[in-house]
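One letter stands for each residue in the lines below.
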Amino acid sequence: VFEATEAVRPVTRETSLGPVVSVPELFIEAPPGFTYICPLNGTVYMPEYTVPLPSDVECFVNHAVQEERNELHLYFPRGIDALKRFAFTIDLVNGQFVDPTSNIFRLSTRLDGVTVEDVVLPGFFLANRMDNTRYNFDTAEVQWGPNRFFSWREDRRVSALNNKVTFIVGTTMRLGMDTMLQVKAPIGYKFEYDCTSRVGE
């Protein structure tokens, strides 16, 4: 969620190559080692008094340059309005570790790379790694007549439906309250909308 106190509008400048439009951006710098994944995700639960980003906002992360992978650029072709509280959601990939001296997020509105206004937000410490959590190649030994062979519950064919996979989960602490285990698959994979009844099959 962010709210600019000063509007930033596109500026058209005349150059030797013709008119060039400078587009305002929201620039978000994460701690070193972190990175973002475009495009933006839909925000499921909008905080109170917020509005989604305009549909024409462009998301960009330069993954080709290691030093810029933690920099998120959101370009607003129609400008950034003042005193309007925006909410958006994006995938953030955590670094392998966090340096306490640089554990901050810096948000700024910019035009032509020049900062209009900015704010520094504290970062977060990473959770303990569940080092004994792993994916389990799920096989079952089946006896059929005089021959013995293996069958798999997994279906690795492209676009296969009704596939089943097994994970061994090793938590590092006990949570004595209602909580949620989140498993995120690679892009292109989908879970059933409600798989509650199928967990543990």
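Refer to the structure presented above.
This report concerns the structure included in the present document. Nothing here was measured: the structure is a model prediction, and the numbers come from that model.

**Considerations on the pattern of salt bridges**
Right, so step 1: Tallied over the full model, the rule gives eight salt bridges.
Right, so step 2: The partner of Glu-3 in a salt bridge is Arg-85, and the shortest N-O contact between them spans 3.4 Å. Taken as a pair, Glu-3 in strand E1 (residues 2-3) and Arg-85 in strand E9 (residues 85-87) lie far apart in primary sequence, 82 residues in all.
Right, so step 3: Note that Asp-81 is salt-bridged to Lys-84, the shortest N-O span being 3.2 Å.

**Looking at the environment of Leu-92**
Right, so step 1: Relative to the elements of secondary structure, Leu-92 occurs in strand E10 (residues 89-93).
Right, so step 2: Using a relative accessible area of 30% as the deciding quantity, one classes Leu-92 as partly exposed.
Right, so step 3: Once you skip the residues sitting within four places of it in the chain, Leu-92 turns out to touch Phe-34, Thr-35, Tyr-36, Phe-105 and Phe-124.

**Brief notes about the sheet that holds strand E8 (residues 71-75)**
Right, so step 1: Strand order across the open sheet formed by five strands is E7-E8-E4-E11-E12, with antiparallel pairing between neighbours. Only two strands of the sheet have a single partner each, and these edge strands are strand E7 (58-60) and strand E12 (114-122). On average, each strand axis in the sheet is inclined to that of its neighbour by 15 degrees, with strand direction left out of account.

**Focus: the nonpolar core**
Right, so step 1: Core analysis: the biggest nonpolar cluster contains 22 residues, and Phe-2, Tyr-36, Leu-53, Leu-74, Phe-76 and Phe-88 have the highest contact counts within it.
Right, so step 2: Among the elements that take part in this core, strand E11 (residues 104-111) stands out by supplying three residues, more than any other.
Right, so step 3: Phe-76 has contacts with Phe-2, Val-23, Pro-24, Leu-26, Leu-53, Pro-54 and Val-57, leaving out every residue within four places of it along the chain.

**Comments concerning the packing of aromatic side chains**
Right, so step 1: In this structure the tally under the stated criterion is seven aromatic pairs.
Right, so step 2: With a centroid separation of 5.9 Å and 80 degrees between ring planes, the pair formed by Phe-34 and Phe-124 is classed as edge-to-face. Of the two residues, Phe-34 is situated in the loop between strand E4 (25-29) and strand E5 (35-41) and Phe-124 in the loop between E12 and strand E13 (134-136); the sequence distance between them amounts to 90 residues.
Right, so step 3: When its relative accessible area of 2% is taken as the criterion, Phe-34 is described as buried.
Right, so step 4: Its relative accessible area of 33% is what places Phe-124 among the partly exposed residues.
Right, so step 5: Aromatic side chains Phe-105 and Phe-124 sit 6.1 Å apart centroid to centroid with 20 degrees between the ring planes, which places their arrangement in the stacked category. Residue Phe-105 is found in strand E11, and its partner Phe-124 is found in the loop between E12 and E13; the two are separated by 19 residues along the sequence.
Right, so step 6: Each member of the aromatic cluster is reached from another via a ring pair, and the members are Phe-2, Phe-76, Phe-86 and Phe-88.
Right, so step 7: The ring of Phe-27 has Arg-110 sitting right over it, with the charged end atom 3.9 Å from the ring centre.

What counts and how
Residues numbered from 1 in each chain as written. Predicted model: local features only at pLDDT ≥ 70, side-chain atom pairs only at ≥ 80, totals over all residues. Heavy atoms only, no water. Salt bridge = Lys/Arg side-chain N within 4 Å of Asp/Glu carboxyl O. Helix = DSSP H or I, 4+ residues; strand = E, 2+ residues; numbered from the N terminus. Buried < 20%, exposed > 50% of the residue type's maximum accessible area, 1.4 Å probe, protein only. Contact = heavy atoms within 4.5 Å. Pairing = 2+ DSSP bridges. Axes fitted to C-alpha atoms, helices over the stretch in contact; angles between N-to-C directions. Core = buried A, V, L, I, M, F, W, Y, C linked by side-chain atoms within 4.5 Å. Phe/Tyr/Trp six-rings, centres within 6.5 Å; stacked < 30°, edge-to-face > 60°. Lys NZ or Arg CZ within 6 Å of the ring centre and 35° of its normal.

Read these as layout, nothing more, since geometry by itself doesn't imply function.
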